[in-house]
Amino acid sequence: MTTMTEASVREFKMPDVGEGLTEAEILKWYVQPGDTVTDGQVVCEVETAKAAVELPIPYDGVVRELRFPEGTTVDVGTPIIAVDVAGGAPPAEAPAAPPAEPQQEEPKPQGRQPVLVGYGVAESSTKRRPRKGLEAPEAPVQEASAAVQSELNGHGSPAATVEQRPLAKPPVRKLAKDLGVDLARVVPSGPDGIITREDVYAAAAPAQPAPATAPVTAPEPVAPAAPAAVVQVPAPVATYDGARETRIPVKGVRKAIAQAMIGSAFTAPHVTEFVTVDVTRTLKLVEELKQDKEMQGLRVNPLLLIAKALLVAIRRNPDVNASWDEANQEIVQKHYVNLGIAAATPRGLIVPNIKDAHAKTLPQLAEALGELVSTAREGRTSPAAMQGGTVTITNVGVFGVDTGTPILNPGESAILAVGAIKLQPWVHKGKVKPRQVTTLALSFDHRLVDGELGSKVLADVAAILEQPKKLITWA
């Protein structure tokens, strides 16, 4: 069999699947060591700051190892999988045959060694992973080297395969290290066999009687010292036993939301204006459009006409569609509208946008909205779809909320919140009648948008929704 060389193993690094992202969490592996992969095959799913993305491998070969278990957050540029791209199948079979001939050939080319499974390329010949039948003096050196690398990478024992490595998130691994708990001996209680903080504390608790035996032969003063150190261990058990509190790591979408909201709230001076409007005619138009053959099969709802109303209002007041360039001290006016739609997903809030929404017809806008919403709900929104937005709509009305004071999406100038549409008493043509009414709220960056401009935009949106025929006269 062909002897493996370092050049035949290629490492696939965590890519920047967005713009400027620094890390991603591995959600699921679709391959295992020994599997054959082809160029373009999806090998894993990762969650970036805003979306779940499937990563394809860029070459053919056999999977040598998975560097990180599922649930691990990995920095961009860090190798996550090693693939043997030359003679892949034979090396995958070699470990399964202890006395086989390939193991006699492996030690020969001492100058160039294959990748040590799980820990990258090493120049030293002692870095080769020990196999059954190899000389004994090599094993201690390899174990020491692997142990050091394992400590640096935060993994479990390198001698185990990915399937045997205890599953635990980095904070839990650190806790286990601090308490001196071997994760391999911990019984997991989390989903999919993941070790939780409570599991680590529970594993640490039985260690309490051990110090108690030491004072039997030791002087009396030694006894208080040992229990004092152990007493600190049960304290977190009572606090974080899961009965009264749950700690959730801040990462992925939630981490991105927090950073974005803090950056926006403390950078752009927000102003929010409100208007309550009768949208009865808009709802009638929605029902008529549903029967139109040009709109068959498309998502037709009030949000569609609200989006169109905002686009018309921006056309009438183009200065609202801008951004603030702090570095160059410039206001950047946008001659296009990438309309963001805030969407609540199981992973959190995301704001994908419809590119060049200003240039779309009503059927095209309906199609884009439908695709955007369905993709977001499935968790398949790409990072590119969430970049470059100019203004946003957030529909809080779907939760039965009347209105709110929305925070700007970073880099945008305005965001329109749409409240619940409710049947309310309303003065119509001089008489109080039940009408469909909603409240709109427009937040804008006061560095870019003066009160007059913001008021005109909001008033135009309200006027269109009250009299939808203005979509024709104003457009």
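Residues numbered from 1 in each chain as written. Predicted model: local features only at pLDDT ≥ 70, side-chain atom pairs only at ≥ 80, totals over all residues. Heavy atoms only, no water.

S.K.: Lay out the overall build of the protein in plain terms, naming residues and giving numbers.
M.R.: When helices and strands are tallied, the protein shows 14 helices and 21 strands. Here the protein holds 475 residues, and 41% of them are scored as buried. In the protein, of all internal contacts separated by at least 6 residues, the share reaching a separation of at least 24 is 62%. On the protein, roughly 24500 Å² of surface is accessible, and the fraction owed to carbon and sulfur atoms is 55%. (Helix = DSSP H or I, 4+ residues; strand = E, 2+ residues; numbered from the N terminus. Buried < 20%, exposed > 50% of the residue type's maximum accessible area, 1.4 Å probe, protein only. Contact = heavy atoms within 4.5 Å. Areas by Shrake-Rupley, 256 points an atom, 1.4 Å probe, with all protein chains shown as cover.)

S.K.: Quick one: what's the story with the sheet that holds strand β7 (residues 73–75), residue by residue and with numbers?
M.R.: One open sheet accounts for four strands, arranged β5-β4-β2-β7; its pairing is antiparallel. In the strand order of this sheet, the two ends are held by β5 (52–56) and β7, each with one partner. Averaged over all pairs of adjacent strands, the angle between strand axes in this sheet comes to 40°, irrespective of strand direction. Relative to β5, strand β4 (residues 42–47) runs antiparallel, the two sharing five bridges. (Pairing = 2+ DSSP bridges. Axes fitted to C-alpha atoms, helices over the stretch in contact; angles between N-to-C directions.)

S.K.: An account of the pattern of salt bridges is requested, with residue identities and associated values reported.
M.R.: Applying the stated criterion to the full structure yields eleven salt bridges. Between Glu11 and Arg67 there is a salt bridge, with the nearest N and O atoms lying 2.8 Å from each other. You can see Glu11 sitting in strand β1 (residues 9–13) and its partner Arg67 sitting in the loop between β6 (61–66) and β7, a full 56 residues away along the chain. In this structure Arg67 comes out as buried when scored by relative accessible area, which is 6%. (Salt bridge = Lys/Arg side-chain N within 4 Å of Asp/Glu carboxyl O.)

S.K.: An account of the sheet that holds β1 is needed here, citing residue identities and associated values.
M.R.: On the basis of which strands lie adjacent, the open sheet formed by four strands has the order β1-β8-β6-β3 and antiparallel pairing. Unpaired on one side and paired on the other, β1 and β3 (36–37) mark the two borders of the sheet. With five bridges joining them, β1 and strand β8 (residues 79–84) adopt antiparallel strand pairing. If you follow Phe12 over to β8, its bridge partner there is Ile81.

S.K.: Could you give an account of the side chain of Lys308, naming the residues involved and the relevant values?
M.R.: Examined against the element boundaries, Lys308 turns out to sit in helix α11 (residues 302–316). When near neighbours in sequence (up to four residues on either side) are disregarded, Lys308 contacts Lys360, Leu362, Leu365 and Leu471.

S.K.: Go over the nonpolar core with me, naming the residues and quoting the values.
M.R.: Ranked by size, the top nonpolar core spans 47 residues in total, and within it Leu310, Leu339, Ile393, Leu416, Leu440 and Val461 carry the most contacts. In terms of residue count, α11 provides more of this core than any other element does, eleven residues in total. The residues contacting Leu310, other than those within four sequence positions of it, are Leu339, Val391, Ile393, Leu416, Val457 and Val461. Counting 21 residues, the second-largest nonpolar core is a separate cluster that includes Ala24, Ile26, Cys44 and Ile80. (Core = buried A, V, L, I, M, F, W, Y, C linked by side-chain atoms within 4.5 Å.)

S.K.: Provide a residue-level description of the pairing of strand β2 (residues 23–29), including the pertinent values.
M.R.: Taken together, the three bridges between β2 and β7 define a ladder with antiparallel strand orientation. Bridge pairing in β7 places Glu23 opposite Asp75. As paired elements, β2 and β4 share four bridges and run antiparallel to each other. Considered in β4, the bridge of Lys28 is made with Glu45.

S.K.: Please give an account of a positive patch on the surface that cites residues and values.
M.R.: On the surface, Lys284, Lys429, Lys431 and Lys433 cluster together to form a positively charged patch. With respect to the element layout, Lys433 can be found in strand β21 (residues 431–445). (Patch = residues over 30% accessible without salt bridge, like charges linked within 9 Å, V, L, I, M, F, W, Y side chains within 5 Å. Lys, Arg positive; Asp, Glu negative; His and termini not counted. Charge placed at Lys NZ, Arg CZ, Asp CG, Glu CD.)

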